[in-house]
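Breakdown of the fold
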Amino acid sequence: MRSIRFRCPRCDVPLTPRLRALELMEALCLQGDQTWLLPAGWFVRRDDPRLASPYLATALADYPWLLAPLPSRWIRVHPDPARTTGCCGLNWWGPDKPNLVCRCGHEIGFGHGDCIGPHWYSLHASTVREEAIAETAPPDYAGRLARARELVAAPITSPPHDPGGRPAMADDVPSWDRALHLAELELTCGGGIEDPSLMIASPQLPAEARLVVPIPWCQLVRQLVLAEKPWAENEVPLGWKSPRQDAPQVELSRHRQRVLMTVWGPGRSEWAVTMRPSTWADAWARLRGEDGESVELDATDR
Ligand SMILES: [Zn+2]
Ligand SMILES: [Zn+2]
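Residues numbered from 1 in each chain as written. Chains lettered and ligands numbered in written order. Predicted model: local features only at pLDDT ≥ 70, side-chain atom pairs only at ≥ 80, totals over all residues. Heavy atoms only, no water.

Quick word on the environment of Thr 157
- Structurally, Thr 157 is set in the loop between helix H1 (141–152) and strand S10 (180–181).
- The spacing of Thr 157 and Arg 210 is 53 residues in sequence and 9.2 Å in space, taken between C-alpha atoms. (Helix = DSSP H or I, 4+ residues; strand = E, 2+ residues; numbered from the N terminus.)

Here it is in structure tokens:
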């Protein structure tokens, strides 16, 4: 498999981990809100015909490399708030005002993390691309996709349980102690491709109680087919929201040996739980039908 690491054209430091070209259309999120456009660890070209979407500005044609949001040890948000401040997240204000910079200060790209449309970063055409060919053969994506379609066809059999835990917030680590800690859990999914949910059972929940977490199909594909890491650093959490109007926003953030899952709004209960990264990763691996640990616990530098 071919991978690319993007580097700053001015100072040559890496701007990204090694990223692979995304072929799997099902893993793209073109219309949804509050969901990464594509999985971490991958890139797509803005002029890819599959990316026709009103949410991807054609004004940014000079910034052809689209990727998932990254933490600041890779790429920083521009220090000028007039270039970055949206109504509730990172926004941009014109094709001549990049809102992302390299650690050296060089203006390098645009990012969108506001409420409308999927979240993305895009890098300027001048970024240096360091290519490598990995020895490993690509996994059996077609087989995994078929299995994911089977799994998601299961019915949702439980009403959603509210474990409390509010208000715990990704960027306020002491608040994580308010959330129920799940020492063990079992993960299933169902509800159909149009409206999937995760279901979480745990000995730390009342018997028969299930956490029900709506998840868009694109995000489920990233976990079940691409085996994406099921969290991001708490600085830029992994987030998603189902296309359904009343679906809650979901965020997964890691700090040291804890992962926080927060689920909130609109007009629904708001809750949070924590788990060890290995507990959460192993539950996903079992759902994919794998025996052992398969997600690198800190695959930030592949
Ligand atoms: Zn630089
Ligand atoms: Zn907003």
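Here we look at the state of the cysteines
- Going through the model one piece at a time under the given rule, you end up with zero disulfides.
- Distance from the sulfur of Cys 218, which forms no disulfide, to the nearest cysteine sulfur (Cys 29) is 4.2 Å.
- When its relative accessible area of 8% is taken as the criterion, Cys 218 is described as buried. (Disulfide = S-S within 2.5 Å. Buried < 20%, exposed > 50% of the residue type's maximum accessible area, 1.4 Å probe, protein only.)

Observations regarding the coordination of the zinc ion (ligand 1)
- Ligation of the zinc ion (ligand 1) by protein atoms is provided by Cys 8 (SG), Cys 11 (SG), Cys 102 (SG) and Cys 104 (SG), these donors lying 2.3 Å from the ion.
- Because the angles between the four donor atoms bound to the zinc ion (ligand 1) fall within 104 to 115°, the donor set is best described as tetrahedral. (Donors = N, O, S within 2.8 Å, 3.2 Å for Na, K, Ca; no water. Tetrahedral: all angles 85-135°; square planar, octahedral: opposite > 155°, others 65-115°.)

As for the layout of surface pockets
- Estimated volume of the largest pocket: approximately 870 Å³.
- Taken together, 40 residues make up the lining of the largest pocket; nearest its centre are Cys 88, Gly 113, Glu 235, Pro 237 and Glu 251.
- Among the elements of the structure, strand S5 (76–77), strand S15 (238–241), strand S16 (249–255), strand S17 (258–264) and strand S18 (271–275) are those that each provide at least two residues to the lining of the largest pocket.
- Split by residue class, the lining of the largest pocket holds 22 nonpolar, 11 polar and seven charged.
- Counting residues domain by domain, the lining of the largest pocket receives three or more from each of domain 1 (2–133) and domain 2 (141–287). (1 Å grid on protein atoms, 1.4 Å probe; cavity = no way out; pocket = protein on both sides within 12 Å on 5 of 7 lines; lining within 4 Å. Points joined across faces, edges and corners; volume = space filled by probe spheres on them. Nonpolar A, V, L, I, M, F, W, Y, C, P; charged D, E, K, R; others polar. Domains from an automatic or database assignment.)

Some words on the packing of H1 against helix H2 (residues 217–224)
- H2 packs onto H1 with a crossing angle of 125° between their chain directions and a minimal axis gap of 10 Å. Classed by the angle they form, the pair H1 and H2 counts as oblique. In the packing of H1 onto H2, the handedness of the crossing is right-handed. The residues of H2 that touch H1, namely those facing Arg 144, Leu 145, Ala 148, Arg 149, Leu 151 and Val 152, are Trp 217, Leu 220, Val 221 and Leu 224.
- For the contact of H1 with H2, the residue count by class is eight nonpolar, no polar and two charged. (Axes fitted to C-alpha atoms, helices over the stretch in contact; angles between N-to-C directions. Parallel < 35°, antiparallel > 145°, perpendicular 65-115°, else oblique. Left-handed = near helix turned anticlockwise from the far one by under 90°. Contact = heavy atoms within 4.5 Å.)

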